[in-house]
Amino acid sequence: MQNNYVSRIVTVFIISVVTVVTMAASADAETPPVEPEALLEDIERVINWKKGSIGLSAGDPLLNNPFLENAGDTTGDWYPIGIGRIGYPDDYEAYLAVIGDTVTQRYQQKNKLSDSKATEWHRISLAILAMGGDPTQIGKDEKGQPINLIADGTYDRGKTKSLGKQGINGWIWGLITLDSMRYKVPKDASADRNDMIQAILRMQLPDGGFSLHGPQTDPDMTAMALQALAPYYNSEQVYTYEQKAAEEKVTKTVRQAVDEAIETLSTLQLDDGGYASQEAENVESIAQVIVALTALGIDPLQDERFIKNGNTLLDGLKKYQLNDGGFIHSETYDPENPSSLPNESNPMASEQALYALVALYRYYGDYRTLYDFRSEMDAPLKKQIHSVQHSIENLPEPVSNKDREKVKEIFSSYLKIPIAERSYVFNYAKLADAMNSLQIENTSERIAENIGETKSGNGTITPLFNQNAEVFSPAIFTKEEEDQAKKLPQKVTTEHYVEVVKLLEKLEAAENRNEYEHLLDDLHDKKAAIEKIKAEIEALNKDILDKLYPFHQLSIKDKDHVEDIVARYEQLSTYDKQKILSYEDVEKSKTQIDNLIRARMISIAIGIILVVATMVFIWRRRKRKLEKLKQKMLVTDENM
């Protein structure tokens with residue numbers, strides 16, 4: 001823990017130095033087409049909207065209850081990615097503590113994370129990196145060993161849980177995740193980078209685009225495919241494969257496939273700068289295209305291919321932002337997506353707009369791309385790359401034989417750049433074309449086979465939002481944290497989950513743990529109590545669905561089930577009761593069954609009354625008959 005903390009401090013220091021150098025260099029460079037401060041303002045507005053949407057104030061950390069109760073879910077991982085990539089001040093340690101505990105708990109189950117969706121491993125891994133964590137050593141498995149989400153989610157899934165089981169999505173995000181830290185792939189891996197690249201290329205449509213399903217190009221999926229392929233744009237490796245949609249064998253480099261997709265995205269762009277997916281204009285498509293272009297080093301706001309009718313991608317994006325700072329999905333209501341109201345900010349739309357704005361800021365600040373979580377380049381490496389780019393840019397078009405030596409010299413300088421960094425020479429294609437024109441042998445190494453450089457490590461948090469912000473606190477358990485632990489109620493609820501887990505994580509890793517050892521047992525007991533409550537909430541929701549649904553078909557025979565669920569519900573705290581789904585239907589069911597019982601009791605009562613009345617009637621009738629018979633007998637006796 002101490003080593004991690006020291007490495008983070010060193011990283012922040014290096015980043016600060018690089019930031020100063022970058023800002024100084026930018027002063028002489030061309031002014032970016034958008035004010036950096038304006039981007040930061042929009043980024044903060046999105047974050048503040050999200051806070052407000054869950055009852056928090058602008059000054060509260062987003063990464064705390066109730067937000068972190070969804071850590072490990074699609075609603076709880078993408079905002080941390082956006083926040084972490086801009087270095088927005090928040091409680092990063094809380095997220096890492098909770099996600100570590102969440103992954104540990106999920107790994108106790110049969111399928112661990114999702115069995116069919118590898119993207120769950122990918123999303124969580126990227127969020128952990130964005131928070132400065134290490135997804136190759138997160139939580140503990142059933143044997144007490146650190147969990148490696150990268151191996152389990154990308155190259156070591158095996159045939160039964162293949163990335164392809166989820167279609168193109170699994171391949172795309174598997175490759176993005178694998179390259180997030182340029183992870184090494186072992187020789188015995190079930191899938192390597194070439195497998196992933198070729199699987200994506202195989203899915204390309206005849207017009208150059210990509211789609212999740214069907215023959216029509218989808219801008220979202222096309223942009224995501226480009227994000228995955230971006231690190232290989234400079235690769236000279238040739239792939240031969242069967243293009244699924246065309247049902248024919250093709251031979252291409254990644255660059256050829258990417259150029260086709262870029263042309264398609266340019267063609268699909270609308271006059272307002274935006275995009276439509278499945279004939280519906282929406283903000284998410286724009287966001288994904290922005291991220292894709294920045295990953296490829298294409299200026300999203302100044303490249304003529306992506307300016308339509310004078311409108312840029314940012315113009316198209318901002319059209320969907322409301323006054324509250326959030327973003328709507330679309331200006332047209334989609335009945336199949338009832339949460340996407342045209343007059344109400346949408347969580348998914350806002351999270352994608354958030355990280356698109358972050359990607360823009362990073363691009364114009366000359367930082368690493370959105371999904372590259374390695375430490376920022378130092379000044380010498382940046383200078384080396386910029387020098388090669390400048391030399392390439394100054395090559396004449398077309399080149400002639402008199403440029404041969406110059407081209408060879410530039411290529412030699414290019415090869416001196418570490419292979420894992422060559423994707424940042426964004427204009428390499430011009431050099432490659434010049435070499436091809438002059439018939440100069442291109443001896444570039446195969447990028448896919450040599451890009452891996454690390455097995456593990458913490459993601460880098462770049463403090464771009466506030467360079468003076470403290471990202472991580474020292475690995476020391478404080479008196480203030482002791483007071484927080486003592487103030488926890490004896491009877492905890494899930495409301496205290498994040499606080500308990502964070503304190504426990506901090507104390508167990510603290511350098512001065514022995515000073516506060518007395519708190520550990522109580523914190524572990526409270527965590528166990530919370531886990532028991534969470535299990536009961538999950539069981540209650542399952543029982544409601546399994547035993548009471550459909551509610552309108554319930555009968556008196558379901559009385560015991562309903563009463564059991566109601567009794568268990570009443571044992572929960574007010575806070576925990578809010579997590580029981582459709583409980584109002586349970587109450588209606590109880591009323592319904594009570595009414596049925598009451599009706600039955602009334603029917604029984606009426607039946608008893610009728611029986612008694614009938615018996616009385618019969619008794620009286622028989623009595624009258626007996627009396628008449630007696631009188632008749634008396635008269636007979638008198639006459640005799």
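Residues numbered from 1 in each chain as written. Predicted model: local features only at pLDDT ≥ 70, side-chain atom pairs only at ≥ 80, totals over all residues. Heavy atoms only, no water.

## A few points about the environment of Glu441
Under the convention used in this document: Working definition: helices are DSSP H or I runs of at least four residues, strands are E runs of at least two. Numbering for both runs from the N terminus. Working rule for contacts: check all heavy atoms of both residues, and any pair within 4.5 Å makes them a contact.
One can find Glu441 in the loop between helix H16 (428-437) and helix H17 (447-450). The spacing of Glu441 and Lys408 is 33 residues in sequence and 9.4 Å in space, taken between C-alpha atoms. For Glu441, the residues in contact, after removing those within four places along its chain, are Phe411 and Met435.

## Describing the pattern of salt bridges
The condition that has to hold: The term salt bridge refers to a side-chain nitrogen of Lys or Arg lying within 4 Å of a carboxyl oxygen of Asp or Glu. Here's how the labels work: a residue is buried when its accessible area is under 20% of the maximum for its type, exposed when over 50%, partly exposed in between, all with a 1.4 Å probe on protein chains only.
Within the structure shown, the criterion is met by 40 salt bridges. The salt bridge partner of Arg193 is Asp179, with a shortest N-O separation of 2.8 Å. Taken together, the residues Arg193 in helix H8 (residues 193-202) and Asp179 in helix H7 (residues 168-179) connect sequence positions 14 residues apart. Its relative accessible area of 3% is what places Arg193 among the buried residues. Linking Glu376 and Arg362 is a salt bridge whose minimum nitrogen-to-oxygen distance equals 2.5 Å. With a gap of 14 residues between them, Glu376 in the loop between helix H13 (347-364) and helix H14 (379-393) and Arg362 in helix H13 connect regions that are remote in the sequence. Through salt bridges that share partners, Arg182, Arg368, Asp372, Arg374, Glu421 and Glu453 make up one connected network.

## Remarks on the environment of Ala223
The topology assignment puts Ala223 in helix H9 (residues 219-229). Ala223 sits in the buried class, given a relative accessible area of 0%. Taking the C-alpha atoms as reference points, Ala223 and Leu265, separated by 42 residues in sequence, lie 8.0 Å from one another. Beyond its immediate stretch of four places on either side in the chain, Ala223 contacts Leu265, Gln288, Val289 and Ala292.

## Comments concerning the nonpolar core
Quick note on the threshold: Residue types Ala, Val, Leu, Ile, Met, Phe, Trp, Tyr and Cys, when buried and joined through side-chain atoms within 4.5 Å, form a set referred to as a nonpolar core.
Formed by 143 residues in total, the largest nonpolar core has its most connected members in Tyr95, Leu149, Ile172, Leu317 and Tyr371. When residues of this core are assigned to their parent elements, the largest contribution, 11 residues, is made by H13. When near neighbours in sequence (up to four residues on either side) are disregarded, Leu317 contacts Val283, Ile286, Ala287, Ile290, Phe327, Ala353 and Leu357. Of all hydrophobic cores here, the second largest spans 21 residues; its members include Leu395, Val407, Ala432 and Leu438.

## Overview of helix H5 (residues 119-130)
Stated precisely, the cut-off is as follows: In a helix, the anticipated span is given by 1.5 Å times the number of residues less one.
The terminal C-alpha atoms of H5 lie 16 Å apart, and with 12 residues this matches the ideal 16 Å at 1.5 Å per residue to within 8%. A large share of H5 lies buried, amounting to 12 of its 12 residues. Taken as a whole, H5 has its buried residues at Thr119, Glu120, Trp121, His122, Arg123, Ile124, Ser125, Leu126, Ala127, Ile128, Leu129 and Ala130. Where H5 is buried, its residues touch helix H3 (74-86), helix H4 (92-106), strand S1 (138-140), helix H6 (149-155) and H7. Among the residues trailing H5, Gly132 stands out with phi positive, at a value near 85°.

## A look at H13
It helps to recall that an α-helix has 3.6 residues per turn; residues three or four apart then point in one direction. For clarity, the threshold we go by: Two N or O atoms count as a polar contact when they lie within 3.5 Å, although within protein this holds only if one can serve as hydrogen donor and the other as acceptor, and sequence-adjacent residues are included solely when both atoms are side-chain atoms.
The end-to-end C-alpha distance of H13, which contains 18 residues, comes to 26 Å, matching closely the 26 Å that a straight helix rising 1.5 Å per residue would cover. In terms of residue burial, H13 counts as a mostly covered element, since 15 of its 18 residues are buried. The N-cap residue of H13 is Asn346: its side-chain oxygen and the backbone nitrogen of Met348 are 3.0 Å apart. Just beyond H13, the residue with positive phi is Asp366, at close to 65°.

## Notes on the environment of Tyr275
Residue position: Tyr275 is located in strand S5 (residues 275-277). According to the relative accessible area criterion, Tyr275 is buried, its value standing at 1%. Separated by 109 residues in sequence, Tyr275 and Gln384 have C-alpha atoms that sit 37 Å apart.

## Section: the packing of H5 against H7
We apply this condition: Throughout, an axis means a line fitted to C-alpha atoms (over the contacting stretch in the case of helices), and angles, computed between N-to-C directions, take values from 0 to 180 degrees. Orientation categories follow fixed angle ranges, with anything under 35 degrees roughly parallel, anything over 145 roughly antiparallel, 65 to 115 roughly perpendicular, and all other angles oblique. For any pair of crossing helices, the crossing counts as left-handed if the nearer helix is rotated counterclockwise from the farther one by less than a right angle, and right-handed if it is rotated clockwise. Just so you know the grouping, Ala, Val, Leu, Ile, Met, Phe, Trp, Tyr, Cys and Pro go in nonpolar, Asp, Glu, Lys and Arg go in charged, and all remaining residues, Gly too, go in polar.
Across the interface, H5 lies against H7 with an axial gap of 9 Å and an inter-helix angle of 30°. Accordingly, the angle class assigned to the pair H5 and H7 is roughly parallel. By crossing handedness, the relation of H5 to H7 is classed as left-handed. Side by side, H5 and H7 meet where Thr119, His122, Ser125 and Leu126 of the first sit next to Asn169, Gly170, Trp173, Gly174, Ile176 and Thr177 of the second. When the residues that make up the contact of H5 with H7 are grouped by side-chain class, the tally is 3 nonpolar, 7 polar and no charged.

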